[in-house]
Amino acid sequence: GGLAPESAVWRSVPIAELSEAQEGELLRRWLCVDDLPPPLLPAVHARSGGNPYFAQELLFALLHSGQLLVELDPAHAEPGPAVAAGGAAVAGEERVPLDARLA
């Protein structure tokens, strides 16, 4: 019984903790931007503990919930350098500070 056959082999793959700078590079690549809003990287890094998989899930959760917005450059129809999070003004909307949402 169970979900896995009794002959299944499970392997643990250790993941080295990323520095804040390394995690920032991943976030910029995932978002296709040059710059991140100031509160984003420290807040995600503090919550993820440097785990890239957890950082990605946090980023996707913020995007999916609308708490992190990537503005598209209409001239190129690609993500541009403007990413808004935390207290940044986005089309006149008020935002809850990012660190408060991730607490």
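What you are looking at is a predicted structure, and each value in this text was computed from that prediction instead of being measured.

### Details of the side chain of His-45
Now for step 1: Relative to the elements of secondary structure, His-45 occurs in helix H2 (residues 40-48).
Now for step 2: Of the residues examined, His-45 reaches a relative accessible area of 15% and is grouped as buried.
Now for step 3: Once you skip the residues sitting within four places of it in the chain, His-45 turns out to touch Leu-18, Ser-19, Glu-20, Glu-23 and Gly-50.

### A word on the pattern of salt bridges
Now for step 1: Throughout the structure, instances matching the rule amount to 2 salt bridges.
Now for step 2: Close ionic contact of Arg-28 with Glu-25 constitutes a salt bridge, the shortest N to O distance being 3.5 Å. On the criterion of helical spacing, the pair formed by Arg-28 and Glu-25 is a turn pair, its members being 3 residues apart in helix H1 (residues 20-31).
Now for step 3: Overall, Glu-25 belongs to the partly exposed group, its relative accessible area being 33%.
Now for step 4: Here Arg-29 and Glu-25 are joined by a salt bridge, their closest N and O atoms 2.8 Å apart. Of this pair, Arg-29 and Glu-25 both sit in helix H1, 4 residues apart, which is roughly one turn of that helix.

### Focus: H2
Along an α-helix, residues three or four positions apart point the same way, because every turn accommodates 3.6 residues.
Now for step 1: Looking at H2, one finds that the buried residues are Leu-40, Leu-41, Ala-43, Val-44, His-45 and Ser-48.
Now for step 2: Note on H2: the residue one or two positions beyond its end, Gly-49, has a positive phi of about 65°.

### Remarks on unusual backbone geometry
Now for step 1: Of note in the backbone geometry, Cys-32 takes a positive phi value of approximately 60° without being a glycine.
Now for step 2: Here Cys-32 shows up in the loop between H1 and H2.

### Here's the deal with the packing of H1 against helix H3 (residues 52-65)
Now for step 1: Taken N-terminus to C-terminus, the directions of H1 and H3 make an angle of 45°; their axes are 11 Å apart at the nearest point. Considering the angle they form, H1 stands oblique to H3. Judged by the twist between their axes, the crossing of H1 over H3 is right-handed. Where H1 abuts H3, its residues Glu-23, Leu-26, Leu-27, Trp-30 and Leu-31 lie against Pro-52, Ala-55, Gln-56, Leu-59 and Leu-63.
Now for step 2: Its residues assigned to classes, the contact of H1 with H3 comprises 8 nonpolar, 1 polar and 1 charged.

### Details of the nonpolar core
A general feature of soluble globular proteins is that nonpolar side chains tend to end up buried together.
Now for step 1: Core analysis: the largest hydrophobic core is formed by 12 residues, namely Leu-27, Leu-31, Val-33, Leu-36, Leu-40, Leu-41, Val-44, Ala-55, Leu-58, Leu-59, Leu-62 and Leu-68.
Now for step 2: Secondary-structure elements contributing two or more residues to this core are H1, H2 and H3.
Now for step 3: Top contributing element to this core by residue count: H3, with 4 residues.

Rules behind the numbers
Sequence order as written defines the numbering, with residues in each chain counted from 1. A pLDDT threshold of at least 70 governs which residues receive local features in this predicted model, and a stricter bar of 80 or more applies before side-chain atom pairs are shown or counted, although totals over entire chains, interfaces and linings include all residues. With hydrogens and water stripped out, all remaining heavy atoms of the structure feed into the side-chain values. Working definition: helices are DSSP H or I runs of at least four residues, strands are E runs of at least two. Numbering for both runs from the N terminus. Relative accessibility under 20% of the residue-type maximum defines a buried residue, over 50% an exposed one, and the middle range a partly exposed one, all with a 1.4 Å probe and only protein chains included. The contact criterion used throughout is that any non-hydrogen atoms of two residues lie within 4.5 Å. What makes a salt bridge here is a side-chain nitrogen of Lys or Arg within 4 Å of a carboxyl oxygen of Asp or Glu, nothing more. What counts as an axis is a line fitted to C-alpha atoms, over the stretch in contact for a helix, and the angles between N-to-C directions run from 0 to 180 degrees. The labels follow the angle: roughly parallel below 35 degrees, roughly antiparallel above 145, roughly perpendicular from 65 to 115, and oblique for the rest. Crossing handedness is defined as follows: a turn of the near helix away from the far one that is anticlockwise and smaller than a right angle gives a left-handed crossing, while the clockwise case is right-handed. Polarity classes work like this: nonpolar for Ala, Val, Leu, Ile, Met, Phe, Trp, Tyr, Cys and Pro, charged for Asp, Glu, Lys and Arg, and polar for all others, with Gly in that last group. Within this scheme, the nonpolar core is defined by two criteria: the residues are buried Ala, Val, Leu, Ile, Met, Phe, Trp, Tyr or Cys, and they are joined through side-chain atoms within 4.5 Å.

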